[in-house]
Amino acid sequence: MDFKYDVIVIGAGHAGCEAAAAAANIGAKTCLITMDMNKIGQMSCNPAVGGIAKGQIVREVDALGGFMGIVTDRSSIQFRMLNRSKGPAMWSPRAQCDRGKFIWHWREILENTPNLHIWQDQVKELIVEDKEVKGVRTYFDLTIQAKCVVLTAGTFLNGLMHIGHTQIPGGRVAEPASYHLTESITRHGITAGRMKTGTPVRIDGRSVHFEDMTIQEGEHDFHRFSFMEEERPLKQLTCWTCFTNPEVHEVLRSGLPDSPLYNGQIQSIGPRYCPSIETKLVTFPEREQHQLFLEPEGETTQEYYLNGFSSSLPLDVQIRALKKIPAFRDLVVYRPGYAIEYDFFDPTQLEHSLESKIVSGLFFAGQVNGTTGYEEAAGQGIVAGINAALKCGGSDPFVMHRDESYIGVLIDDLVTKGVDEPYRMFTSRAEYRILLRQDDADARLTEVAYKMGLAGSVRYQNWMRKKEKIEEIIRFCENFSLKPALINAGLEALGSTPLRYGCKLFDVINRPQITLLNIAPYIEPLQHLLDSITERREEIIEAAEIKMKYHGYIAREKIIADKMQRLESIKIRGRFDYENMNSLSTEARQKLSKINPETLAQAGRIPGVSPSDINVLLVLLGR
């Protein structure tokens, strides 16, 4: 074998899988290194994909030509669209997956990807010469050469698990940690830190009294994660909910002196938005109950995940507390919850391409950048893989902007603001979320991905047919005139005010009570048009309707985004010596020197850089 590659990807988690597939599909000779080929795409915590804003990221990965959406649809055992009570900009898909089948589908895809080799081993050292990456050295004492390296090591770098006072070295339960690699990176001037995350107990479903729980059904409509998949092949299952109670809390409080989070054993910071059950008790002492979600881990297995009960308390405390819940009175568990500490690297040391500013050809993606969540990792992974391949080919980097994707928001937040706790994506982090809906990810990204060589011709043609049909529906509604005598009976039947004068169908569609599907029976030409759509009919109709109903909001937000884009076009890197600019505040000088922003807009998003500091830069630029 010739161990010389264009791109090496270290780690086969959600970031690594997307990075390796993207680099190989663009044409780079790629090697994916993983310590266990049977854990490729392993869902270390909850076997679920998507959620608030996370679902949008998965749709974007799919629109770019990535595979997380496809793998999720093929292994989904429950699907739900969250935030239905809000507008479509807030809708977020989420799917519970079969953990084992998720792994196998990923492995099947990767092993059949041209230009991609998989090597089972551990990396212990990064090889760097003159601040330029040259390859890696493994535990098998093998040197693998490459032009670019993408690090996606997740929680494995010096990983340490905690269950009460028990400490177990490892990157995940029953899997070894990765040692020496962090030190081989930091010796080149790259700064590292420590973070913490956790996971709940896994429960044997045969011991659960489901009659004492509330059922949570999934949805069975046309929605999917991937724009390519047509159906979910697996049996769809239910989830269940219940609540803790004061007795549970009493047992948990008795164990707090033995909690690694509160006895000084863990010093690093955990995720704010996914707290452990003991953190909930300390933070919200007045709460008498907390909701828990019991979610299946497989289509045919008995293992269940207890969402909402992440914990690092001693095993006996976890079990005694849970047995105070009626549904778990006869509880049997497969393993306890635990916390894990691991190394990460300050993401402000990265370009927007996710390449290191310090070591050329070294890219970082996933939890090593201080994020939490499979979806955030996958979004970074596909961008890092794309850019590693582009760098090998001598092309300009691919940068995603805040007004075109949640992935762009995520990466810009990381490299501009940095992290002081595990970063999780929310819709509220995006200024232009009306433009960044889950339904229009393909409209935003597929043509770009096709030109780059990442999205295939089948995906591109699918999008072009969909785009044509959406535009055809909108044109019809803009041009079709309605007369009161012909439509008022239908409007009244649908609870909408009758027309006094004629108008275009487009204006009627904007009414909250009216949809394309419920008004079509009263307008024969419209019904005929909708019936002519045979491929992905519901998806196309929904996309057209959203564009019409929200056209005013979309247009207004686009104007705002375009104004901000003008600041994005003003390049400032290398034009100022910030340390010697006394007209800037002290904090601004320090932050601007550290981040060295590419554009004026990025400078304005750095915490501590005020509008007056930006005005100073504008004046000095002669703007």
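Everything here concerns the structure above.
Residues numbered from 1 in each chain as written. Predicted model: local features only at pLDDT ≥ 70, side-chain atom pairs only at ≥ 80, totals over all residues. Heavy atoms only, no water.

Visitor: Sorry, what's going on with the packing of helix 12 (residues 457-479) against helix 16 (residues 524-531) here?
Guide: Between two packed helices, both the angle of their axes relative to each other and the distance between the axes serve to describe the pair. Contact geometry of helix 12 with helix 16 gives a least axis separation of 11 Å together with a crossing angle of 175°. One way to sum up the angle between helix 12 and helix 16 is to call them roughly antiparallel. In contact with Glu472, Ile473 and Phe476 of helix 12, helix 16 contributes Pro525, Leu526, Leu529 and Leu530. In terms of residue class, the contact of helix 12 with helix 16 is made up of 6 nonpolar, no polar and 1 charged. (Axes fitted to C-alpha atoms, helices over the stretch in contact; angles between N-to-C directions. Helix = DSSP H or I, 4+ residues; strand = E, 2+ residues; numbered from the N terminus. Parallel < 35°, antiparallel > 145°, perpendicular 65-115°, else oblique. Contact = heavy atoms within 4.5 Å. Nonpolar A, V, L, I, M, F, W, Y, C, P; charged D, E, K, R; others polar.)

Visitor: What am I meant to see in the pairing of strand 2 (residues 30-34) here?
Guide: A regular strand places its side chains so that they alternate between the two faces of the sheet. Along strand 2, 5 of the 5 residues are buried, which leaves the element largely enclosed by surrounding structure. Of the pairings in the sheet, the one linking strand 1 (residues 4-10) to strand 2 comprises 4 bridges and is parallel in character. Following the sheet pairing, Val9 is matched in strand 2 by Leu32. The handedness of the strand 1 to strand 2 crossover, carried by helix 1 (residues 14-26), is right-handed. Relative to strand 6 (residues 116-120), strand 2 is paired through 5 bridges, and the arrangement is parallel. The residue bridging Leu32 from the neighbouring strand is Ile118, located in strand 6. (Buried < 20%, exposed > 50% of the residue type's maximum accessible area, 1.4 Å probe, protein only. Pairing = 2+ DSSP bridges. Right-handed = clockwise from strand over helix to strand, strands pointing away.)

Visitor: Even after reading the chapter, I still don't get the side chain of Thr138, so can you show me in this structure?
Guide: Looking at where Thr138 falls in the secondary structure, it is placed in strand 8 (residues 132-138). Given a relative accessible area of 0%, Thr138 falls into the buried group. Reaching out from Thr138, the side chain makes a polar contact with the side chain of Asp121 at a distance of 2.5 Å. Thr138 has contacts with Asp121, Gln122, Val123, Lys124 and Ile144, leaving out every residue within four places of it along the chain. (Polar contact = N/O pair within 3.5 Å; in protein donor to acceptor, adjacent residues only side chain to side chain.)

Visitor: Looking at this structure, how should I read the nonpolar core?
Guide: Looking at soluble globular proteins, one finds that nonpolar side chains tend to be buried together. By size, the foremost hydrophobic cluster in this structure holds 109 residues, and its most contacted members are Val7, Ile8, Leu64, Trp106, Val136, Leu151 and Phe364. Looking at this core element by element, the count peaks at 11 residues for helix 9 (residues 374-392). Apart from the residues within four sequence positions on either side, Val136 is in contact with Ile8, Ile10, Ile33, Val123, Glu125, Leu126, Ile127, Leu142, Thr143, Ile144 and Val149. In this structure, Leu491, Ile523, Ile533 and Ile540 belong to the second largest nonpolar core, which totals 28 residues. (Core = buried A, V, L, I, M, F, W, Y, C linked by side-chain atoms within 4.5 Å.)

Visitor: Quick question: what am I supposed to make of the sheet that holds strand 4 (residues 76-82) here?
Guide: Adjacent strands of a sheet form backbone hydrogen bonds with each other and so pair up, either parallel or antiparallel. If you trace the 3 strands from one edge of the open sheet to the other, you get 3-5-4, paired in antiparallel fashion. Because the sheet does not close on itself, it has two edges, and the strands there are strand 3 (48-50) and strand 4. Across this sheet, the average inter-strand angle for adjacent strands is 15°, counted without regard to direction. In the sheet, strand 3 pairs with strand 5 (residues 92-97) via 3 bridges, with the strands oriented antiparallel. Its bridge partner being in strand 5, Val49 is matched across the sheet by Ala95. Along the sheet, helix 2 (residues 54-64) makes contact with strand 3 and strand 5, crossing strand 5 at roughly 85°.

Visitor: Honestly, the environment of Ile8 in this entry has me stumped. Any pointers?
Guide: Here Ile8 is to be found in strand 1. Exposure remark for Ile8: the relative accessible area of 0% places this residue in the buried category. Between the alpha carbons of Ile8 and Glu598 there is a distance of 27 Å; along the sequence they are 590 residues apart. Apart from residues lying up to four places away in sequence, Ile8 is in contact with Cys31, Ile33, Gly135, Val136, Ile144, Gln145, Ala146, Cys148, Val149 and Val150.

Visitor: I keep staring at helix 10 (residues 406-417) and nothing clicks. Help me out?
Guide: Side chains that are three or four residues apart share a direction in an α-helix, a result of its 3.6 residues per turn. Its 12 residues give helix 10 an end-to-end C-alpha distance of 16 Å, which sits within 8% of 16 Å, the value for a rise of 1.5 Å per residue. For helix 10, the set of buried residues is Tyr406, Ile407, Gly408, Val409, Leu410, Ile411, Asp412, Asp413, Leu414, Val415 and Thr416. Within two residues after helix 10, Gly418 carries a phi angle of roughly 75°, on the positive side. (Expected span 1.5 Å × (residues − 1).)

Visitor: Looking at this structure, how should I read the pattern of salt bridges?
Guide: Any two side chains of opposite charge can pair if their charged atoms end up close together. Applying the stated rule across the entire model yields 48 salt bridges. The salt bridge partner of Glu132 is Lys134, with a shortest N-O separation of 3.8 Å. Residue classification places Lys134 among the partly exposed residues on the basis of a relative accessible area of 32%. One salt bridge connects Arg537 with Asp531, and the closest N-O pair in it is separated by 3.5 Å. According to the relative accessible area criterion, Arg537 is partly exposed, its value standing at 22%. We classify Asp531 as partly exposed; its relative accessible area is 47%. A network of salt bridges, in which partner residues are shared, links Arg402, Asp412, Asp413, Lys417, Glu431, Glu568 and Arg605. (Salt bridge = Lys/Arg side-chain N within 4 Å of Asp/Glu carboxyl O.)

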